[in-house]
Amino acid sequence: MTNETSANQPPTPPTSNRVSSPSIPALMLVSTPIGNLADFSPRAREALCAASAILCEDTRTSAVLLRAHGITTRTFALHEHNESARIPELLAAMQAGQHFALISDAGTPLVSDPGYRLTRAAIEAGLSVSGIPGPNAAVLALTLSGLPPQPFLFAGFTPPKSGPRRSALQACRAAEMAGLSATLIFYEAPHRLAAFLADAAAIFGPRPAAVARELTKHFEEVRRAPLDELAAHYSTHEARGEICVVIGPAPAESASAQTLEDALRTALATLSVKDAAAAVATALGLPRKQVYQTALALARPTP
Ligand code: SAM
């Protein structure tokens, strides 16, 4: 498993204009369970059976799932350390008519998992890419958290060391100070949860949050509480298993009057008063009526 930093590089749009066709994809991104083997969909099974080969993050881990579902397709490893090197031969094989399915150890491939570089290369090469949707820990944690489901920002893993981790969290806070109002979702390892929550509570304050553990598994648990209470709890209770942390959006008052006016001026340059007010109210988490009044005042011609 990996925290794919390459997925964070700013992408330029793929140059190929060819539309992905779901009928005979050269590359099929297949979601697999995040703990409960019964969450494997019939379409996912069909796609893995039909593929020329399955590209697995770890062939031994995937063997358990494939055996449980009677899938005998040959497997190859495609992980953080060999993905880039394998791209040319995989593209050549797809161009020659092979169809690959891509899976990771758990959940949706590419999401904090390998596959982004190959997928991007396949799109660039004009090959068809499709996917079988399915389990994803971040989205399940978000929906179970009781926090606003949209907008959300999936941040994946933060760096393991405290200094860089705080910088990553500070960057989220800075985005909030500039107007972002979104529920934040993080992946975290159990042995780092207490330190992560302590840093997060220091940076974001006591806002509503949730720790979702072992989702879809026997010991599934979602603990919902203010961030500082979660930090205090996990400072004395060792966390076990797989974990997502969901943090509620910045409270509305963090959007200053100046931030509101700046956001509205930008929006009013291209949108009607009504649409600008709606867009900015959603982005800043402010009441629509209040934002509409400010938008009206800004849009009114000066005498
Ligand atoms: N691709 C996967 C997905 O779609 O969710 C995520 C892979 S990432 C390498 C693994 C991390 O996802 C874990 O360390 C944990 O933070 C989170 N995760 C995976 N399964 C989980 C589960 N059952 N419950 C809670 N979090 C989980």
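Refer to the structure above for everything that follows.
Here is a short report on the structure shown in this document. (Residues numbered from 1 in each chain as written. Predicted model: local features only at pLDDT ≥ 70, side-chain atom pairs only at ≥ 80, totals over all residues. Heavy atoms only, no water.)

## Focus: the site of the ligand
Right, on to step 1. Around the ligand, the surrounding shell holds 20 residues, and the nearest of these are Thr108, Asp113, Asn136, Tyr187 and Ile243.
Right, on to step 2. Here a nitrogen atom of the ligand and a backbone polar atom of Ile34 are 3.0 Å apart.
Right, on to step 3. Glu188 is positioned such that a nitrogen or oxygen atom in its backbone is 3.5 Å from an oxygen atom of the ligand.
Right, on to step 4. For the ligand, whose accessible area on its own is 570 Å², the fraction buried by protein is 97%.
Right, on to step 5. For the shell around the ligand, the secondary-structure elements that each account for two or more residues are strand 7 (183-188) and strand 10 (243-247).
Right, on to step 6. Residue composition of the shell around the ligand, grouped by class: 11 nonpolar, 4 polar and 5 charged.
Right, on to step 7. A domain-level breakdown of the shell around the ligand finds at least three residues from each of domain 1 (27-135) and domain 2 (138-247). (Near = heavy atom within 4 Å. Polar contact = N/O pair within 3.5 Å; in protein donor to acceptor, adjacent residues only side chain to side chain. Areas by Shrake-Rupley, 256 points an atom, 1.4 Å probe, with all protein chains shown as cover. Helix = DSSP H or I, 4+ residues; strand = E, 2+ residues; numbered from the N terminus. Nonpolar A, V, L, I, M, F, W, Y, C, P; charged D, E, K, R; others polar. Domains from an automatic or database assignment.)

## Quick look at the nonpolar core
Right, on to step 1. Ranked by internal contacts, the top residues of the largest apolar core, which has 22 residues, are Leu197, Phe204, Val245 and Ile247.
Right, on to step 2. For this core, the secondary structure elements donating two or more residues are helix 6 (162-177), strand 7, helix 7 (193-204), strand 8 (208-213), helix 8 (227-236) and strand 10.
Right, on to step 3. No other element matches the 7 residues that helix 7 contributes to this core.
Right, on to step 4. With residues near it in sequence (within four places) discarded, Leu197 still touches Val211, Leu227, Leu230, Ala231, Tyr234 and Val245.
Right, on to step 5. Counting 18 residues, the second largest nonpolar core, distinct from the first, contains Leu29, Ala53, Met94 and Leu118. (Core = buried A, V, L, I, M, F, W, Y, C linked by side-chain atoms within 4.5 Å. Buried < 20%, exposed > 50% of the residue type's maximum accessible area, 1.4 Å probe, protein only. Contact = heavy atoms within 4.5 Å.)

## Thoughts on the sheet that holds strand 5 (residues 129-132)
Right, on to step 1. On the basis of which strands lie adjacent, the open sheet formed by 5 strands has the order 3-2-4-1-5 and parallel pairing. Of all strands in the sheet, those with a lone pairing partner are strand 3 (75-77) and strand 5, marking the two edges. Mean inter-strand twist for the sheet, computed between neighbouring axes without regard to direction, equals 25°.
Right, on to step 2. Relative to strand 5, strand 1 (residues 27-30) runs parallel, the two being bridged by 4 bridges. Bridge pairing links Leu27 to Val129 in strand 5.
Right, on to step 3. With respect to the sheet, helix 2 (residues 59-68) is in contact with strand 2 (53-56), strand 3 and strand 4 (100-103), its orientation differing from that of strand 3 by roughly 150°. (Pairing = 2+ DSSP bridges. Axes fitted to C-alpha atoms, helices over the stretch in contact; angles between N-to-C directions.)

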